[in-house]
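This is what each chain is made of:
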Amino acid sequence: MPRVSSSEDSMLGRDERPSLQQDARAESPAAASMHSARSPIPSAVPESPLDTPRAVKPVEDVSSVEAHRTRELKWISAMSSVPASQARKSKKIRRLVLEGVPASVRYLVWAHMTDSKSKRIPGVYGQLSKRGKVAASETIKRDAVRCFPDQPHLRDPKGPLISLLQTYLTMVPDIEYQTNLALIAGHLLLQSPEEDAFWTFVAMMGLHLRTYFSSKSVQMEADAMVFGKAVEAFNPQIAKKLFVEMSIPPLELCRTWFSSLFATTLPQEYVNRIWDVYFCEGPPFLFRIGLAILFCSRTAIESARDRTSVLSFLARPETLSLLPSDPEDLISLALAVKLKDDDVKKQRVKVEAQLKLQTQLPQRGAPRLVSSISLPRT
């Protein structure tokens, strides 16, 4: 296979994270699938399978009932043997995530990996849902209709989506309602019964997402700064085109992508797989997916002439057929991006603290953020 160009070599390659991809097998059938005619990006992966972490596809024919049942039983066994509080640290769970999560048990897997059972208090959801409407009630109803036009039960003013969001906002008053909350909750409700979806939503928000929606948090701004530096290290040409020539700040991309967990951007089958891995990996995986989307879109970005068109196809890349045809290939690209997750985690905390300090000081005396947001290439 021909080698990728030097600019592409700088974007994809060995990742030294002690995480999901180290559990992947070099002989995985996915290694061959990335070179197939289905993928619009056959040159995106280095030659050596050892350099390229991948989502492992089972050897069996996944369309067969037997193979599907085998995978279900593996997950049921794993969830019985691995406590929910330890699931995100379990190598066994990580291997299963790479192999895939059957749709029939996906909501149970998500609930397990978020440890939602530990949050669940019997009877509380029913009690809270009887409280009065929240201030954003009418906005939530409009968003339900706009976001889920083909899902009558989610559009219903008395349906589970409106009830779930009103209940959560009643319980957690510091959250500012945004449309992306409806998209996340609605996506959960497409997978789960209503009360199960509620407690998984509570656990998701508590783990990582709440700071994106809190009126007192600067986490989104911090993540945007770190992501901008990651793009510069990933591909300086793309960074210059987006951030300088097109005047598209990283914050504009991150607000669209991160706070919806890509539910506004990608088809449902892609979102499902991203969430499967995200629940193991946490926020750094959002950075990886964002960088993978930029990699898939690099030709369109380089040839674009106005910011509106760029924002449009980055918001919905499937409209220009920019995505790999198989969600597993996007996951593999994300895992192959040269990025150290530990660096991302440290920089998120560091930059958030700096931004908080800046907002607390008088404008004249506010210190400049340090320029060395270090996300070294590996």
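Residues numbered from 1 in each chain as written. Predicted model: local features only at pLDDT ≥ 70, side-chain atom pairs only at ≥ 80, totals over all residues. Heavy atoms only, no water.

*Asks:* Talk me through the nonpolar core; I want residue IDs and the actual numbers.
*Replies:* Among the nonpolar cores identified, the biggest contains 109 residues, and L165, F201, F227, L242, F258, W275 and L314 are the most heavily contacted of them. Not counting chain neighbours up to four residues away, the residues in contact with L165 comprise I140, Y177, L181, A182, A185 and F201. (Core = buried A, V, L, I, M, F, W, Y, C linked by side-chain atoms within 4.5 Å. Buried < 20%, exposed > 50% of the residue type's maximum accessible area, 1.4 Å probe, protein only. Contact = heavy atoms within 4.5 Å.)

*Asks:* Provide a residue-level description of the packing of aromatic side chains, including the pertinent values.
*Replies:* Summed over all chains, the structure comprises 13 aromatic pairs. Aromatic pair F227 and F287: ring centres 6.0 Å apart, planes at 65°, arrangement edge-to-face. A residue pair is termed long-range when its members are at least 10 positions apart, and F227 in helix 12 (residues 219-234) and F287 in helix 16 (residues 284-296) qualify at 60 residues. An aromatic cluster is built from F227, W257, F258, F262 and F287, whose rings are joined through pairwise contacts. Between R298 and the ring centre of F295, over which it is positioned, the NZ or CZ distance is 4.0 Å. (Phe/Tyr/Trp six-rings, centres within 6.5 Å; stacked < 30°, edge-to-face > 60°. Helix = DSSP H or I, 4+ residues; strand = E, 2+ residues; numbered from the N terminus. Lys NZ or Arg CZ within 6 Å of the ring centre and 35° of its normal.)

*Asks:* Got a sec to walk through the pattern of salt bridges? Specific residues and values, please.
*Replies:* Should their charged atoms come close, side chains of opposite charge can pair. Counted by the stated rule, this structure contains 17 salt bridges. Its salt-bridge partner being E99, residue K74 comes within 3.9 Å of it at the nearest N-O pair. Of the two residues, K74 sits in helix 3 (residues 65-81) while E99 sits in helix 4 (residues 91-99), which places them 25 residues apart along the sequence. With a relative accessible area of 37%, K74 lands in the partly exposed category. Salt-bridge contacts for R120 lead to E195; the nearest nitrogen and oxygen are separated by 3.9 Å. Here the residue R120 occupies a position in the loop between helix 5 (106-113) and helix 6 (124-128), and E195 occupies one in helix 11 (residues 194-213), the gap between them amounting to 75 residues. For R120, a relative accessible area of 33% corresponds to the partly exposed category. One continuous salt-bridge network, built from bridges that share partners, spans R106, R273, D276 and E328. (Salt bridge = Lys/Arg side-chain N within 4 Å of Asp/Glu carboxyl O.)

*Asks:* Break down the confidence of the model for the protein for me, with residues and values.
*Replies:* For the protein, per-residue confidence averages 83 on the pLDDT scale, and residues scoring 70 or more make up 79% of the total. Note on residues 13-18: pLDDT is under 50 here. Beyond four places in sequence and across chains, it has 22 contacts. Here residues 21-54 scores under 50 on pLDDT; set against residues more than four positions off or in separate chains, the count is 81 contacts. (pLDDT = per-residue confidence, 0-100.)

*Asks:* Provide a residue-level description of the environment of A353, including the pertinent values.
*Replies:* Relative to the assigned elements, A353 resides in helix 20 (residues 341-360). Sequence spacing of A353 and A222 is 131 residues, and the spatial spacing of their C-alpha atoms is 8.7 Å.

*Asks:* Lay out unusual backbone geometry with the relevant residues and their values.
*Replies:* Notably, F262 is not glycine yet its phi reads approximately 70°, a positive angle. Among the secondary structure elements, F262 is positioned in the loop between helix 14 (250-257) and helix 15 (268-281). Notably, S321 is not glycine yet its phi reads approximately 55°, a positive angle. Residue position: S321 is located in the loop between helix 18 (307-315) and helix 19 (327-336). S321 gets classed as exposed once you look at its relative accessible area, which sits at 58%.

*Asks:* Can you break down the packing of helix 12 against helix 13 (residues 236-245) residue by residue, with the values?
*Replies:* For any two helices packed against each other, one specifies the crossing angle of their axes together with the interaxial distance. Here helix 12 crosses helix 13 at 130°, and the two axes come no closer than 5 Å. Looking at the two axes, helix 12 sits oblique to helix 13. Across from G228, V231, E232 and F234 in helix 12, the residues of helix 13 making contact are P236, I238, A239 and F243. (Axes fitted to C-alpha atoms, helices over the stretch in contact; angles between N-to-C directions. Parallel < 35°, antiparallel > 145°, perpendicular 65-115°, else oblique.)

*Asks:* Account for helix 20, with residues named and values stated.
*Replies:* With 20 residues, helix 20 should cover 28 Å at 1.5 Å per step; its first-to-last C-alpha distance of 29 Å lies within 8% of that length. Among the residues making up helix 20, those that are buried are D341, D343, V344, Q347, R348, V351, E352, Q354 and L355. Mapping the buried residues of helix 20 onto a view down its axis gives an arc of 165°, with all of them on the same face. Among the exposed residues of helix 20, those pointing more than 90 degrees away from its buried face are K346, V349 and Q360. Looking at the buried side of helix 20, the elements it contacts are helix 11, helix 12, helix 15 and helix 16. (Expected span 1.5 Å × (residues − 1). Arc of directions from axis to C-beta.)

*Asks:* How would you explain the side chain of E72 if you had to name every residue and give the values?
*Replies:* Among the structural elements, E72 can be located in helix 3. The contact partners of E72, leaving out residues within four places of it in the chain, are P102, S104 and V105.

*Asks:* Account for the side chain of R106, with residues named and values stated.
*Replies:* Structurally, the position occupied by R106 is in helix 5. Classification of R106 as buried rests on a relative accessible area of 7%. When residues no more than four places from it in sequence are discounted, the contact partners of R106 are V101, Q191, N272, R273 and D276.

*Asks:* Lay out the environment of L161 in plain terms, naming residues and giving numbers.
*Replies:* With respect to the helices and strands, the residue L161 is situated in helix 9 (residues 160-171). Separated by 27 residues in the primary sequence, L161 and L188 have C-alpha atoms spaced 9.5 Å apart. In this structure, L161 is in contact with A144, F148, L154, A182, A185, G186 and L189, ignoring residues within four places of it in sequence.

*Asks:* Give a detailed account of the packing of helix 15 against helix 16, specifying residues and quantitative values.
*Replies:* Viewed as axis vectors pointing N to C, helix 15 and helix 16 meet at an angle of 140°, and their least axial separation amounts to 8 Å. Judged by the inter-axis angle, helix 15 sits oblique to helix 16. Judged by residue contacts, I274, V277, Y278 and E281 of helix 15 engage P284, F285, L286 and I289 from helix 16. The class makeup of the residues in the contact of helix 15 with helix 16 is seven nonpolar, no polar and one charged. (Nonpolar A, V, L, I, M, F, W, Y, C, P; charged D, E, K, R; others polar.)

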